[in-house]
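Listed here are the chains, written in short residue letters.
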Amino acid sequence: MSSPSAAGVSSTASLPSVDATGYWVDNAPLNEVFQYLARKARLQYFYNTEINGPQFILTGHLELDNPLRQMEEIAVAYGLSLYQQAPRSI
């Protein structure tokens, strides 16, 4: 297991494990973190070009027990809003 301080993560595809509750993220683009959490929550996420940039980089412990709640907490921390479309039948 790698230590959080040694983790230089630029993509959520290679998140190093911290413990059983989640991952340590270091300089991860917010769009990639949202994409990862959306997949864990079995949701679809579309990249937002307005949150690509150095002010939207995430570093910290990412909990995975409730991915949607984690997305909401991250959105609040960055002054963003999340919208979830209700499922519809065809």
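Reading the values: rules and limits
Residues numbered from 1 in each chain as written. Predicted model: local features only at pLDDT ≥ 70, side-chain atom pairs only at ≥ 80, totals over all residues. Heavy atoms only, no water. Helix = DSSP H or I, 4+ residues; strand = E, 2+ residues; numbered from the N terminus. Buried < 20%, exposed > 50% of the residue type's maximum accessible area, 1.4 Å probe, protein only. Contact = heavy atoms within 4.5 Å. Core = buried A, V, L, I, M, F, W, Y, C linked by side-chain atoms within 4.5 Å. Salt bridge = Lys/Arg side-chain N within 4 Å of Asp/Glu carboxyl O. pLDDT = per-residue confidence, 0-100. Arc of directions from axis to C-beta.

## Section: the environment of L68
On the secondary structure map, L68 appears in helix α2 (residues 67-77). The class for L68 is partly exposed, based on a relative accessible area of 26%. Residues in contact with L68, not counting those within four places in the same chain, are A41, L43 and Q84.

## Considerations on the nonpolar core
If you look at the biggest cluster of nonpolar residues, it comprises 17 residues, and the most contacted ones within it are L30, V33, F34, L37, I51, L62 and I74. Elements with a minimum of two residues in this core: β2 (22-29), α1 (30-40), β3 (57-63) and α2. Apart from residues lying up to four places away in sequence, I51 is in contact with L30, N31, F34, Y45, F56 and L80.

## Here we look at the pattern of salt bridges
Any two side chains of opposite charge can pair, given that their charged atoms come close. What the rule picks out here adds up to 3 salt bridges. A salt bridge links R69 to E63, with the shortest nitrogen-to-oxygen separation between them at 3.9 Å. According to the relative accessible area criterion, R69 is partly exposed, its value standing at 28%. Here the residues in one salt-bridge network are E63, D65, R69 and E73, joined through shared partners.

## Examining the side chain of Q35
Examined against the element boundaries, Q35 turns out to sit in helix α1. Judged by relative accessible area, which is 16%, Q35 ranks as buried. Apart from residues no more than four positions distant in its own chain, Q35 is found in contact with Y45 and Y47.

## Regarding α1
With 8 of its 11 residues buried, α1 lies for the most part within the structure. Those residues of α1 that are buried lie in contact with β2, β3 and α2. Just downstream of α1 lies R42, where phi reads positive at about 60 degrees.

## Comments concerning the confidence of the model for the protein chain
Per-chain confidence: the protein chain averages 81 in pLDDT, with 78% of residues scoring 70 or above. Segment residues 1-10: pLDDT under 50, and 21 contacts once partners within four positions in sequence are set aside and those in other chains are kept.

## Thoughts on α2
The periodicity of an α-helix, 3.6 residues per turn, causes residues three or four places apart in sequence to face the same way. Of the positions making up α2, those classed as buried are P67, Q70, M71, I74 and A75. Down the axis of α2, the smallest arc covering the buried residues is 135 degrees, so these residues share one side.

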